[in-house]
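Secondary and tertiary structure notes
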Amino acid sequence: MPELVFFSGTMDCGKSTLALQIEHNRSARGLKGMIYTRDDRAGEGKLSSRLGLVTDAVEAGAGFDLYGHLVGHLSQGGRCDYVIADEAQFLAPEQIDQLARIVDDLGMDAYAFGITTDFRTRLFPGSQRLIELADRIEQLQVEALCWCGARATHNARTVGGEMVVEGAQVVVGDVNRSAEEIGYEVLCRRHHRRRMTSASSHAGALSPDVLPVNGG
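The structure reproduced in this document is the subject of the present report. Treat the numbers as computed from the prediction; the structure is a model and nothing was measured. (Residues numbered from 1 in each chain as written. Predicted model: local features only at pLDDT ≥ 70, side-chain atom pairs only at ≥ 80, totals over all residues. Heavy atoms only, no water.)

What follows is about the pairing of strand 2 (residues 33-37). Across the five residues of strand 2, five count as buried, placing the element largely inside the fold. Burial along strand 2 is two-sided: Gly 33, Ile 35 and Thr 37 and Met 34 and Tyr 36, pointing in opposite directions, are all buried. As paired strands, strand 2 and strand 6 (residues 82-85) are joined by four bridges and run parallel to one another. The partner of Gly 33 across the bridge, within strand 6, is Tyr 82. (Buried < 20%, exposed > 50% of the residue type's maximum accessible area, 1.4 Å probe, protein only. Helix = DSSP H or I, 4+ residues; strand = E, 2+ residues; numbered from the N terminus. Pairing = 2+ DSSP bridges.)

What follows is the structure, encoded as structure tokens:
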């Protein structure tokens, strides 16, 4: 049976690399896929990984009908055996519904790749809808690490190396940006709660962590 599968993880989990790998493996077997993406770091209509791999994709912007686009492609004699949707967290909930309709009505697998929560630890609407609708949710096994060495579970937005917790939910950026730019960093929950990025943790002598109790 065809499935809607949601591959989720943090920003550094290698989700786009896996999307490209799935595309390569299936195309090598003679299958033809349709790739959708939104707000990729490489620019409009691109699916890119941090390993430097890039392929063309269809930009699924606001109001874009994924189901209608694919039906139009098929009705004009095009072929499609499966669908890949990268940066799925940026898709609107109705676009996730369209992915589910592709699976149910057109009988093809749809693979969605995205991060689950934003820099405020809130679910992206697209990711929330995927959690609600997906036949299967796969946590990506590439382990992202916080600067402290612990497993990274949260995405942080930084400006000048300092973590921020206010602003628009979607601001396109990337890791390893210069200090003046908006960037992102993955942190463990502990250091996300304390707003301690790699830059701020080395910005001076820090007091050792102590238990939050009063002496008596």
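Once the structure has been displayed, the description carries forward.
Together, Leu 123, Ile 131 and Ile 137 make up a nonpolar patch on the protein surface, roughly 230 Å² of accessible area in all. Secondary-structure assignment places Leu 123 in the loop between strand 7 (109-115) and helix 4 (125-133). Overall, Leu 123 belongs to the partly exposed group, its relative accessible area being 37%. (Patch = residues over 30% accessible without salt bridge, like charges linked within 9 Å, V, L, I, M, F, W, Y side chains within 5 Å. Areas by Shrake-Rupley, 256 points an atom, 1.4 Å probe, with all protein chains shown as cover. Salt bridge = Lys/Arg side-chain N within 4 Å of Asp/Glu carboxyl O.)

Another aspect to go through is the sheet that holds strand 10 (residues 162-164). By way of backbone hydrogen bonds, the strands of a sheet pair with one another, either parallel or antiparallel. Read from one edge of the open sheet, three strands run 10-9-11, paired in antiparallel fashion. Both outer strands of the open sheet, strand 10 and strand 11 (182-187), are each paired with one neighbouring strand and no more. Ignoring which end each strand starts from, the neighbouring axes of this sheet average 50° apart. Strand direction decides the pairing type here: strand 9 (residues 154-159) and strand 11, joined by six bridges, are antiparallel. Note that in strand 11 the partner of Asn 155 across the bridge is Val 186. (Axes fitted to C-alpha atoms, helices over the stretch in contact; angles between N-to-C directions.)

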